[in-house]
Every structure is written in structure tokens, then in C-alpha cells.
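Below are the chains, spelled out letter by letter.
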Amino acid sequence: MISSKTAQILKYCGLFLLVLFFNSFDLAITVTLSLYLAINSKTYIKLFGFSLVLFILDIIFRNFDISFRFISDLSLDSYILLLTAFFIYAKSQRRITDFFRQAGASGRKIFSSNNLVLLVVSIVLALLLLPILGPPAAVIVGYLSFSYFSKRFEGKYAYTAGLFFLSFSPFFIIFKRDDIAENFAIISFYFLIIGTVQETVRLVRERKPFAFSLPKINFGAKILHFMHSFRLPQFTRKTESQSKGATFDNPVTNDSKNFISDEISSNRLQPIMKFIIIVCITGLLSFTVISTIINSKAKNTTSTIAEKLTITPIIPSPTIDIGVELMVENGTEISGLAASTAAKLKNAGFKNVNTGNAARSDYKNWEMIAKKDDPVLIDYIKSVLKLETLTVNKASESAKFDLVIIAGSELP
Amino acid sequence: MKKYNHLLSFFIFFALAAIITFPLVKSGYILTLDAVITPRVLFAPITSSSFIYQNILAVLNLFIPSDRIERIILFLIFFLSGWGMYRFTDKNLRFARYFAGIFYAINPFVYERVMAGHWQLLLGYSIFPYIVTLTMNYFHDSTKKNTVSLAIMATLLFNIAIHYLLIFMVFFITMGVTNAYLHRQNKEKLNKITRQTIFFIGLTFVLNANWIISSILGISDISQAIKSFTSGDLIAFQSVADSRLGLIFNLLSGYGFWAEAYHYFLLPKDIIIFWPILSLAVILVFGIGLFRHIKEKSNIPILVTLPVLFLLALDIAGGVALKSFAPTVFWLYEKFPILGGFREPQKLVGIVMFCYAYFGSFGLGKILATIKGKTKLAAFSFFIILPFIYTPTVFGGFWGQLKPVWYPSSWEKVNQILKEDKSDFLTLFFPWHQYMRFKFANDRVVSNPALYYFDKPILSSQNYETTSLYSHDTRLESLHVEGLLSIEKEGVNLLGDLVEGNLPWGESLSPVNVKYIILTKDDDWVRYKFLDKQPDLTKVYEDENLVFYQNMKWDLKDKQLEEINFDEPLAPLE
């Protein structure tokens, strides 16, 4: 019989080996550590700090082009740690846990039929706006419209949405969907900002009625309220000032008034400051992820069909140089492949198309050797030939043809 | 009072349409990019999606000359769109309704499409407010009478502009779902709507069965056209961006038509340099109207449906030009061939204009309600004048660009010669372009009208000649001509093989049954002067407009056919 402690150790080791097998050493450590802390720890401040340290290290390594064999992507590690910190933080906050418990238990307060319809409407709106505004702005507009229609302006909704998107971001990076991860990171960052703004606005708005409504309740309730709001010595000082005839409606001295409002402000500003710090860290991390993705894109020479039109000229034709001298070479044993490819290109408007055989006849992928790096032209050729992938190599300036296309056996 | 308002609005929009079309009232044909009107309006086959519309025109043409029919259509575009939108808007808005009508009739979208000759699309655009009204009535009170009216009008709309089939479908479904949700407690009403909807779909199918069935069988004009479309079409006819303000703002301003990149005609924004400010004013008044609608929660079905339609229209109009959306667009067009009808998606900007006009009237109504005195008058005047300043090019015969013209007399002379020849032959038309500048058409780029003008079959180019899409033409005869032109100009055939020596055009054209050649002296016609040197081509007629040749080797194909002994077995290939 294995003891529960041994089972736990085995569980963590299993996870470590699994991540190590599929990904890298650093990620394996991070994931295992994160899981351990998420279950057993209540300290989130240190984790936030640690993720920030990793993030700074990542920037330094990148800038000085330093790489380690056992570290694959520090930004991903810091992301996971940040997420874990958020999780532990959320666990420690009664308001947030209550919110989720409420949502899970009754299913009524948050997801009533009206709210559900509004949620669907907001999602549809976001989807419709997606092509025009791009993912981040579309999601934000969808959220804001939901807030407006449902009259729910509390920041907790934005935080929930932010965490939802943030939690998916690393997984998309693991599964090589950098584009989605990038958008999710940006969206989560915006949501955290919106949440902080909403919470700030809420706190500022609630400040006034709090101060004026307090005297209306009975003294016992007042004590309870104060005990929640202020520390005991301060409470004693306040009751003293009240006994001298001061009330919140009609304070006797300016000092006591200022003292109370300052205390309220400082107590309420604390979580805001925390959130602002968190938002800053998230923002910096989002920036790292985005820059990582952009860099990896720039290095990638083999583009996919999905990227094809990201650089398609908005004005259709004048940007494509069809006067280039093309050579289509058959790199396979399929007879007539070069001729049929040449015919397609001619039909697409290319005037100078030549045909021939490549030096080898065992090409699997289609290749292109181009004198100039003209992405528009290359993408246009890819769309004409319906090629999903096309490896592009640089030709020397003295090459006879502007472009040489070597047809491979992987037919489009 | 109600009758008086009705009559007043009728006369105002009648006068507006008359002012716009008056400079073109002179006899003659108005030739635009895609609209080529010839003396004869042909009857449409039963498989055509425009069967009813086209045949009504053909019957009218038996009594009225085609150039007059053309004027009536142009007049109706402006009159129906203005008056229709005016009537569609809320009666309580009073004068703000005129803004809706005028803006819907006069905006950059309408102007560009008139210049491009997409008049059928515009006629559909002009009757769309009536269809929307009927659909709203239908869901409000689902009686048999309303259902039949809607089915008939929808059929007319599809016949005039098939593009509106998809638009109407989206509109009807969104409206239906919203109404169903709103009346979810009222089972009786829901059942009634369901029954009538089934009846409506059935009736509409029967009324449109001619082209729907033939499209399913793949023998209609639509199915043939959609089959020929490729991803190249989407790239070639994608919406275009404004060089400074980008794609979305261009589309929101009623622009973005692919032809803008080719400078075929003058654009209003070329004249009005502060057009973005006017655009913003329209967008602002639209936003106020929409917000007012949301706040008051008035007419919820239309409040849900129109914004959905607006955003969808904007998404699809952006199409492949929206870089992040492009892969999805390709996927959608591949999986749903019906979308092929929108290979040139800027057509959907018409819906954007519709929403501007409708919500804009509410916005203006709100503005006028909040201000008083001279400011109110100034605001009202500004928004009424706005469409005129925003698109001034619709006036003065479309800024002097459109003029009625007659076909050159030589065209008719040649047509007479062709008609007198009773044999079965093709006439080749040069220059070999589908779109070119014709001198007689005020030197404007128009689609070659020869195919419809002459009474005998014409072999003319059907190439788009855009850099990203050269052609869809797969006719053997045209490929043959393309090959001969390639040999003549570049010394290589279509496969790139070198061909030496002079090309005998007469002999080479005989296999594709070309007996005559018409060379009009337009565009790059001088490049065809080699025809003069051909010994087997005889010049029959020449004037300042065209040269007419006869192929003396035309009957060679018969001799060649005679020489072939079909009873003899073919020799084995070596």
C-alpha cells in the first residue's frame, strides 16, 4: 500500500516527466511547481514577484541573445507562474470565491435567462465585430455591451473574463497556435485594465453614500460595521470623537473628518494598487509573448496558406509585378507537371514563363528560388497554384530567371 | 394632412430623380462599365434568374426603344430608393425622414454603381425598403394576404438583383428568430408565424422554381457563373482601401468598390476633400439614432436585425481585404458556393447605407428635438444638404461623365452585311479586350457591346485582364485566338514554344469558323495593323470607326473536312 504522501510525490514526478517528454525541462519544473503551489500554498505575492523576475530575465536573455539548453521559453514559465499566483489570490479572496460559489450553486443570479440572452447577444456582437476590429477590441466591445445591457459594472466580471482568457494563453503556445495565444494575452490584459477601472469607479462612487448613510443605522450595527472597516485603536478614537458630539453627518472637527475619509481611501485603495501592479506585470508579460511571437514569425521562412492574405495588397493588381521572368522546373517524375503549372501561371497573367526539368526528380515539397524577396508576388503565386506551403530560397543577383519554381510531388 | 404629406414627399422625390436624370434625357444610349445597352433587349431563357424582369423589359422594348427603357430604370432607381426609404422611416420623425430618403438615394455607393453600370443591383437596392416594410408587416400580422404580398415582392427582388437573395435570407431569419423570442409566451402567435413561414417558403420556391431547379441541376446562368469563380476572383475583386484612412472607413463612407483602383471614373472624394468630416457626420447621426433606439427599446425586431445585417455586411464587404478575416472568407466561399454571388463583396455596402438612412433619421430626429430656434434650422439644413455635398457627382449628368451616345453608323452597316450572309459563321471582334475605351462612348472604358449589338454570333474577348485574374474564358475558339495573337506578337504559342515564320491568319482562323473580322479603331487597335498585310484577308469596308475584313480561306475548313476519310481507321500513334 502506497502512502498518500508517496502517491502525491509520484503524481508530481509523473507530471514532471510527462511535460519533460512533450516539451522542455524548464516548463516541466514550472508546471509541477505551479500545481504544487496551487494546491498547497496561500502565498501569491512571492509568486507574482517570481514571475516578474523570470520575465526580466527573459528580456535580458533575449536582448543579449543568451540561450540555455535546458530553458526553452522563459516567458511561458513566467506566464504559468503568474496564472498560478492569480489562482491562489482568487482563492484567498472571499468576494471572488463567493461569486463563483454563487454562480455554481444556484445558476440563477448570474446566469438568469435574461442574462443568458444578453450573453449570447454580446457574443454574437463580438463575433460580428471580430473581422472589423480584430479579436481584442471585438471581445472588449462585446463585454462592455453585456455590462451595459445587464447593468453589471463590477470589476469581478472583467477579472473573471481576463483570467479565463489568460488561462488559455499558455496552452495555445504549447500547441503552437501562437496567433490565438497572442490575442488571448492581449484580451486578458485589457480585461484586467477594465476590471481595475470598474473597481476604482465603483469604490469612488460608493464612498459618498457610505459616509452619509452610516448614522441612520443603529449603534450596534455601526460597531459591527466599524469593526470590519477599521482597526480597534482607530475605532476607539472615532467613538471618542463621536461622544464629543461629532457625527458623520455633522462632524465637529475637521481633523476627525479627514481622518475618517483618509482611512476609507487608504483601505480601499490598497486592492486597487495591488491590481494596478498585477496589471502592469500582466501587461509586460503580454508584451513578451507578443514580441516572442512576432520574432518567431519573422524567422519563419515557410509561410502557410492562412497567412496568405495577411499581406495581400488591398489594391488588387497594380502591386503585383507580372513582368518577372519565371522558370518552372519539374522536380518529379510526373510528366507534364511543369507545363501544366506554367499554363496556370500564364492564365494568371504571367507573360514570361519558361519550363524545364529540375536537377533532381525527387522533390517532395514545392520550392521557389527568388531574386527579390517580394512577399506579395510570392503569395500571389501560392494562391494561383493553390499551394499550402512553399519553401522560398534566395537566388543570386546574377541568376538567369527572376523566379524559379520547382514543382514537387506533393500536389496541391 | 397625412395625404398631403404623402403627396408632398412623392413630388419631392420625383423632382429629385428628375433633376438627376434630366441631363441624360436626350436620345441615345448611356454606356457604362458593365451596362451595355443595345437597340435590342433580348428575351431571357426560362433558366435565367432574371427571367421575369428581363422578359418584361424585352416586351416593353417591342413598344419603347431600349434607350428610353434605360432612362426609366435610372429614374426609378433614384425615385424608388428615396421615396421608399422616406416611407419606411417613422412617421413621427417628420422632416428628419427627408434626410433618410435623400441620403439613401444619393450617396457614393449609388453613384459608383451607376457609373459601373450595375443598375439591376441598384434597382434591387431601391425596392429593398419596401421589402423590409412588407417583412415587418408579415411578422406583425402573419395573414395570408401579407404572406402572398411578401412572396411576390421577394420574387421580384430576386429577379431584379439575385444578390438580394442572401441579404433577404439573413434579414428574414434574424427577424424571425427575434420575433419568435419576443413572442415566446404567446404560443398561438408563434404557431401562426410558423405556419405562414412554411407557406411563404413554399410559395417563394414555386414562384422561383424556374431558376432554383435549373441552378440545382447546374444549367442556369447563376450556377455556370458560380462554377467559374475561383479564389482569384476574390482577390481581383476585393474591396479597396482609402490610401489614407484605410479599408473600414472607406467602406463605412460608401466607397471601397474595386474599380476605384483603376480610376475608371471620377470619385466624389476626389472633389470634396473634406469628405471624411461628412462621413463622420453621417456616422455620428447614425450612432445617435441607433443609441436612441437601444435606449427606448422601440421596435426591437428591427433594432436587432438591422445592426446584425449592418455588421455582417461590413464583415463580408471587407472580405479578403481584412487580413485577419481572409482565411475564414476563403473557407466560407469554398464551403458555401452560394456566396460566390458576392465575389465582389462591396455590393453589401448598400446595406450599410440602408442602416445609415434608417437610424440616421432617428438620430437627426433626436438632435432636432433637443435644440431650438435658428440652431435647429441650421442643423436640419446641414443634414438635408449633406447628401448633396457628399455626392455631388450624381448631378450634371454625373459630373459630365455620362452622355447619351449612338453607335457609329458603320456598326449598323457591318451588321447589315452580316445579316445578309445566311451561312453559319463566326465574326471575330478586335481589339481583343472585354473592357476598353470606345471613342463613340465618350472615350470611356465600357464592356464590349459587340456581342449584343450584332445579329450574328460574335467571337470577342471575355478576359478581365486584371493582374490577379486574367480570364475565366475556356471557349476553344477564344483560346485559339489567344494562341494566334501570342504567336503574332511574341513569336511563341500558349505553351511557350517558339513559332517561326509569318502566321497565315485567314487559314489559321478557318478551323474555328471565323468568316469575318471587325477591327474597331479603338484602344490599342494599331497593334492589329498586321491584318492589312494578310493575303487571305480582304478588306470589305473601312471608315474612321472600323475596318471590316472577310476571311477568304474560311471555306478551307470544309475542304479539310472533305479530305478526311472518316471510314478509314486512324493510324496508330508513333
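Quick caveat, the model's predicted, so the values are computed rather than measured.

Asks: Sorry if this is basic, but what is going on with the nonpolar core here?
Replies: Nonpolar side chains tend toward joint burial in soluble globular proteins. Residues and elements named next belong to chain B. Residues Leu157, Leu251, Ala313, Val352 and Ala357 are the most contacted members of the largest nonpolar core, which totals 182 residues. Sort the elements by how many residues they give to this core and helix H18 (residues 349–370) lands first, with 13 residues. When neighbours within four sequence positions are excluded, Leu251 is seen to be in contact with Ser239, Gly256, Leu314, Ala317, Gly318, Val349 and Val352. Leu459, Trp505, Leu519 and Leu537 belong to the second-largest nonpolar core, a separate cluster that totals 26 residues.

Asks: Whenever I open this one, the pairing of strand E3 (residues 367–370) of chain A confuses me. Can you help?
Replies: Residues and elements named next belong to chain A. As paired strands, E3 and strand E4 (residues 391–394) are joined by four bridges and run parallel to one another. When the sheet's bridge partners are listed, Glu367 is paired in E4 with Thr391. Taken together, the four bridges between E3 and strand E5 (residues 403–407) define a ladder with antiparallel strand orientation. Within E5, the position partnered with Met368 by the bridge is Ile405.

Asks: How should the environment of B:Asn179 be read in this particular structure?
Replies: Residues and elements named next belong to chain B. Its place among the elements puts Asn179 in helix H8 (residues 164–182). In this structure Asn179 comes out as buried when scored by C-beta crowding, with 22 C-beta atoms within 10 Å. In contact with Asn179, other than residues within four places in its own chain, are Phe139, Ile193 and Pro301.

Asks: Please explain the sheet that holds strand E1 (residues 325–330) of chain A as it appears in this structure.
Replies: The strands making up a sheet associate through hydrogen bonds between their backbones, and the pairing can be parallel or antiparallel. Residues and elements named next belong to chain A. Read across the sheet, five strands follow the order E2-E1-E5-E3-E4 without closing on themselves; strand pairing throughout is mixed. Each edge of the open sheet is held by one strand with a lone partner, namely strand E2 (352–357) and E4. Within the sheet, the average angular offset between the axes of one strand and its neighbour, ignoring direction, is 20°. Packing against the sheet, helix H13 (residues 337–347) makes contact with E1, E2 and E5, and its axis sits at approximately 150° to E1.

Asks: Even after reading the chapter, I still don't get the domain arrangement of chain B, so can you show me in this structure?
Replies: Interfaces are often sized by the amount of accessible area the parts lose when they come together. Residues and elements named next belong to chain B. Domain annotation for chain B reports domain 1 (2–26 + 47–400) and domain 2 (409–562). Centre-to-centre separation of domain 1 and domain 2, based on C-alpha positions: 40 Å. Ranked by residues supplied to the side of domain 1 that touches domain 2, first place goes to helix H12 (residues 231–236) with four residues. Residue composition of the side of domain 1 that touches domain 2, by class: three nonpolar, two polar and one charged.

What counts, and at which threshold
- Along each chain, the written sequence defines residue order, and numbers are assigned to residues from 1.
- Following the order in which they are written, the chains are lettered starting with A and the ligands numbered starting with 1.
- Since the coordinates come from a predicted model, pLDDT governs what is reported: local features require at least 70, and pairs of side-chain atoms require 80 or more to be given and counted, while whole-chain, interface and lining totals use all residues.
- To count as a nonpolar core, a set of buried Ala, Val, Leu, Ile, Met, Phe, Trp, Tyr and Cys residues must be joined through C-beta atoms within 7 Å.
- Residue burial here comes from a neighbour count, namely the number of other C-beta atoms, placed from the backbone, that lie within 10 Å of the residue's own C-beta, with 20 or more meaning buried, 12 or fewer meaning exposed, and in between meaning partly exposed.
- Helix and strand assignments follow DSSP, with helices taken as H or I runs no shorter than four residues and strands as E runs no shorter than two, numbered in order from the N terminus.
- By the criterion used throughout, residues are in contact when their C-beta atoms, derived from the backbone, lie within 7 Å.
- When DSSP finds two or more bridges between two strands, those strands count as paired.
- Working convention: axes come from line fits to C-alpha atoms, limited for helices to the stretch in contact. Angles between N-to-C directions cover 0 to 180 degrees.
- Domain boundaries shown here were taken from an automatic or database domain assignment.
- Any residue that is not Ala, Val, Leu, Ile, Met, Phe, Trp, Tyr, Cys, Pro, Asp, Glu, Lys or Arg is counted as polar, Gly included; the first ten are nonpolar and the last four charged.

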